[in-house]
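A structural walkthrough
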Amino acid sequence: MRTLAVTQNITLDGRIDMLGDWFDSQADDPALRSESARQMAAADSLLVGRGTFESFRGHWHDLEGDTTGVSAYLDRVDKYVVSSTLDDPGWAGTTVLGGDWLDRVAALRDEEGGDIVCTGSVTLVHALFEADLVDEVRLFQYPVVQGEGRGLFPDGWSTRALELAETQVYGTGGGYQRWVVTR
């Protein structure tokens, strides 16, 4: 069974909507970049909603001179997009998941392979939590209070089934936490 990991950039006040450039200043932290590279190496699939996919495709697809490794990572992994409106993804290695997407994600999770990473895609992340498909929560936390925007967890959803498995603090003031969902 594969790990379905929700990986998010998050503010101190728990916001994952990117309403500003609050994470750009942290990108040069060597420890953060090392952790990101480690996670990219362990993943072979990306699961996103249409909006996040289109943003990624518009910025990262065939990006020349990318020193972060994100463009190469996104070109390498299988990309799964949850959408009822996207017909032609326009990016090799992309599969559009339609109305039966929850069943298909569950089936992907049951296969052998690397990590399945879901990032951005707030509405999709909320649905994955509600369907009990998330195995890990990986948070890159930034020392910023945004004051608005959607949070990581859906309103009304609660759990005590999270166990802290790993934590790091970065020189830039941010940090990383990996939580395992216990069942």
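Here we summarise the structure given alongside this text.

This paragraph deals with the overall build of the protein. Helix and strand counts for the protein come out as five helices and eight strands. When the elements of the protein are put in sequence order from the N terminus, they spell out β-α-β-α-α-β-β-α-β-α-β-β-β. For a compact globule of 183 residues, the expected C-alpha radius of gyration is about 16 Å, and the protein comes in at 16 Å, within 12% of that figure. Across the 183 residues that make up the protein, the buried fraction comes to 42%. For the protein, restricting intrachain contacts to residue pairs at least 6 apart in sequence, the fraction spanning at least 24 positions comes to 74%. Carbon and sulfur atoms make up 49% of the accessible area of the protein, which totals about 9,200 Å².

This part covers the environment of Leu-162. Mapped onto the elements of the fold, Leu-162 is located in strand β7 (residues 162–169). The sequence separation of Leu-162 and Asp-135 amounts to 27 residues, and the corresponding C-alpha distance is 9.5 Å. Residues within four places of Leu-162 in sequence aside, it is in contact with Val-137, Phe-153, Trp-179, Val-180, Val-181 and Thr-182.

This next bit is on the pattern of salt bridges. Working definition: two side chains of opposite charge can pair if their charged atoms are close together. Applying the stated criterion across every chain yields a total of 14 salt bridges. We note a salt bridge from Arg-2 to Glu-111, for which the minimum N-O separation is 3.8 Å. Of the two residues, Arg-2 is situated in the segment before β1 (4–11) and Glu-111 in the loop between α4 (101–110) and β5 (115–118); the sequence distance between them amounts to 109 residues. On the basis of relative accessible area, Glu-111 is assigned to the partly exposed category, the value being 39%.

Now for the sheet that holds strand β6 (residues 136–142). Read across the sheet, eight strands follow the order β4-β3-β2-β5-β1-β6-β8-β7 without closing on themselves; strand pairing throughout is mixed. At either margin of the open sheet sits one strand with a lone partner, and together these are β4 (94–97) and β7. Averaged over neighbouring strand pairs, the angle between their axes works out to 20 degrees when direction is ignored. As judged from the four bridges shared by strand β2 (residues 43–49) and β5, these two strands associate in the parallel manner. Within the sheet, the bridge partner assigned to Ser-45 lies in β5 and is Ile-116. Of the strands in this sheet, β1, β2, β5, β6, β7 and β8 (175–181) are in contact with helix α1 (residues 30–42), which crosses β6 at around 155 degrees.

About the criteria used
- Residues numbered from 1 in each chain as written.
- Predicted model: local features only at pLDDT ≥ 70, side-chain atom pairs only at ≥ 80, totals over all residues.
- Heavy atoms only, no water.
- Helix = DSSP H or I, 4+ residues; strand = E, 2+ residues; numbered from the N terminus.
- Rg over C-alpha atoms; globule rule 2.2 N^0.38 Å.
- Buried < 20%, exposed > 50% of the residue type's maximum accessible area, 1.4 Å probe, protein only.
- Contact = heavy atoms within 4.5 Å.
- Areas by Shrake-Rupley, 256 points an atom, 1.4 Å probe, with all protein chains shown as cover.
- Salt bridge = Lys/Arg side-chain N within 4 Å of Asp/Glu carboxyl O.
- Pairing = 2+ DSSP bridges.
- Axes fitted to C-alpha atoms, helices over the stretch in contact; angles between N-to-C directions.

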